[in-house]
Amino acid sequence: AIEINAGDSLPLAQVGKPYPLFAFTAVDSYSLVAKTDVTVSHLGETVAVEEEAFVPFEVGSYVITYTAVDAFGNKAEESVTVEARNSLPPLTLQIEEFSLHPVVGERITLPRATAEGGSGRAEVAATVRSMNTGEELPVENNRLVCEEAGDYLLIYTAVDYIGDTVTEYVYIYDVSEEQCIV
């Protein structure tokens, strides 16, 4: 059996940009899986796969076929179809409304950010940098501790499935021993 880690909604591909292949597992209840392979085709023609990705060369559907052969020569195949477009919707970040007034040393929860558009499946990460020292501060579970008075920069970055990125900045000014104010 082959299980493709593609999820329910497949990310879009963009013509001319590498599209990473989905991870997959192949298991056989009776023997070892002797060989696995991944091929990509477009309109019946084979598309080159290099470094675990393929590059769509024109608009249309691309079929990614995952194959496994067990020790007895039995073959299993699963396929997914990815749509390639010339351009994709812009990748955007939305940061929730917030008001922060923590005391220095207090753990605060950062505003949540979500990404839309692009190829899909964007992952959002938040980092915080002290504008006084330039040091990056640790963010764990979307939480931060303002360790000292000063100014801080929240940096939100979204990366979609094909590697396109968008970054938004939020400034925290005048963090004092009493409060930090956004």
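Scroll up to find the structure this text is about.
Counting of residues starts from 1 at the beginning of each chain's written sequence and follows it residue by residue. Local features are withheld for residues below a pLDDT of 70 in this predicted model, meaning they are given only at 70 or higher, and side-chain atom pairs are given and counted only at 80 or more; totals for whole chains, interfaces and linings count all residues. For the side-chain quantities, the full set of heavy atoms in the structure was used; hydrogens and water were omitted.

Notes on the sheet that holds strand β8 (residues 53-54)
Next up, step 1: Reading across from one edge, β3-β8-β7 is the order of the three strands in this open sheet, with antiparallel pairing throughout. Two strands bound the open sheet, and with one partner strand each, they are β3 (19-20) and β7 (49-50).
Next up, step 2: For two strands to count as paired, DSSP must find a minimum of two bridges between them. Each helix corresponds to a stretch of at least 4 residues labelled H or I by DSSP, and each strand to a stretch of at least 2 residues labelled E; elements are numbered beginning at the N terminus. One ladder, built from two bridges, connects β7 with β8; its direction is antiparallel. Counted as the bridge partner of V49 is F54 from β8.

Notes on the nonpolar core
Next up, step 1: What is meant by a nonpolar core is a set of buried Ala, Val, Leu, Ile, Met, Phe, Trp, Tyr and Cys residues, joined one to another through side-chain atoms within 4.5 Å. Exposure classes here rest on a 1.4 Å probe applied to the protein chains alone. A residue is buried below 20% of its type maximum, exposed above 50%, and partly exposed in between. Of all hydrophobic cores here, the largest spans 21 residues; its most connected members are Y19, L21, F22, V40, F54, I64 and Y66.
Next up, step 2: Secondary-structure elements contributing two or more residues to this core are β5 (33-42), β9 (60-70) and β10 (75-85).
Next up, step 3: The element contributing the most residues to this core is β9, with four residues.
Next up, step 4: Residues count as neighbours in contact if any of their non-hydrogen atoms are within 4.5 Å of one another. Once residues within four sequence positions are removed from consideration, V40 is found in contact with L21, E45, T46, V47, V49, F54, Y62, V63 and I64.
Next up, step 5: Core analysis: the next-biggest nonpolar cluster, separate from the first, contains 16 residues, L93, I108, L154 and V170 among them.

Concerning the sheet that holds strand β2 (residues 13-14)
Next up, step 1: One open sheet accounts for five strands, arranged β2-β10-β9-β5-β6; its pairing is mixed. At either margin of the open sheet sits one strand with a lone partner, and together these are β2 and β6 (45-47).
Next up, step 2: Two elements, β5 and β9, share eight bridges in a ladder whose sense is antiparallel. Counted as the bridge partner of S41 is V63 from β9.

A closer look at the pattern of salt bridges
Next up, step 1: For this analysis, a salt bridge means a side-chain nitrogen from Lys or Arg found within 4 Å of a carboxyl oxygen belonging to Asp or Glu. Within this structure, the stated rule accounts for three salt bridges.
Next up, step 2: D164 is the salt-bridge partner of K17, the closest N and O atoms lying 2.2 Å from each other. Of this pair, K17 sits in the loop between β2 and β3 while D164 is found in the loop between β17 (150-159) and β18 (165-175), placing the two residues 147 residues apart along the sequence.
Next up, step 3: Accessibility expressed as a relative area gives 27% for K17, which makes it partly exposed.
Next up, step 4: We note a salt bridge from K75 to E77, for which the minimum N-O separation is 3.5 Å.

Things to note about a nonpolar patch on the surface
Next up, step 1: Where nonpolar side chains cluster on the molecular surface, the patch consists of M131, Y169 and Y171 and spans about 320 Å² of accessible area.
Next up, step 2: Mapped onto the fold, Y169 is located in strand β18.
Next up, step 3: Overall, the relative accessible area of 48% leaves Y169 in the partly exposed class. Patch construction takes residues with relative accessible area above 30% that form no salt bridge. Like charges are linked within 9 Å, and nonpolar side chains (Val, Leu, Ile, Met, Phe, Trp, Tyr) are linked within 5 Å. Computed with a 1.4 Å probe, the accessible areas rest on the Shrake-Rupley method; for each residue, only the protein chains presented here act as cover.

Brief notes about the packing of aromatic side chains
What characterises a pair of aromatic rings is the spacing of the ring centres plus the angle enclosed by the ring planes.
Next up, step 1: Working definition: rings of Phe, Tyr and Trp (its six-membered ring) pair if their centres are within 6.5 Å, and the pair is stacked with planes under 30 degrees apart, edge-to-face with planes over 60 apart, and tilted otherwise. Tallied over the full model, the rule gives seven aromatic pairs.
Next up, step 2: A centroid spacing of 6.0 Å and a plane angle of 80° characterise the contact between Y19 and F22, whose relative ring orientation is edge-to-face. One exposure class covers both Y19 and F22, and it is buried.
Next up, step 3: Each ring, one from Y19 and one from F54, has its centre 5.5 Å from the other, and the planes form 50°; the classification is tilted. In this pair, Y19 is assigned in strand β3 and F54 in strand β8, connecting sequence segments 35 residues apart.

None of the figures reported here should be taken as evidence of function without further support.
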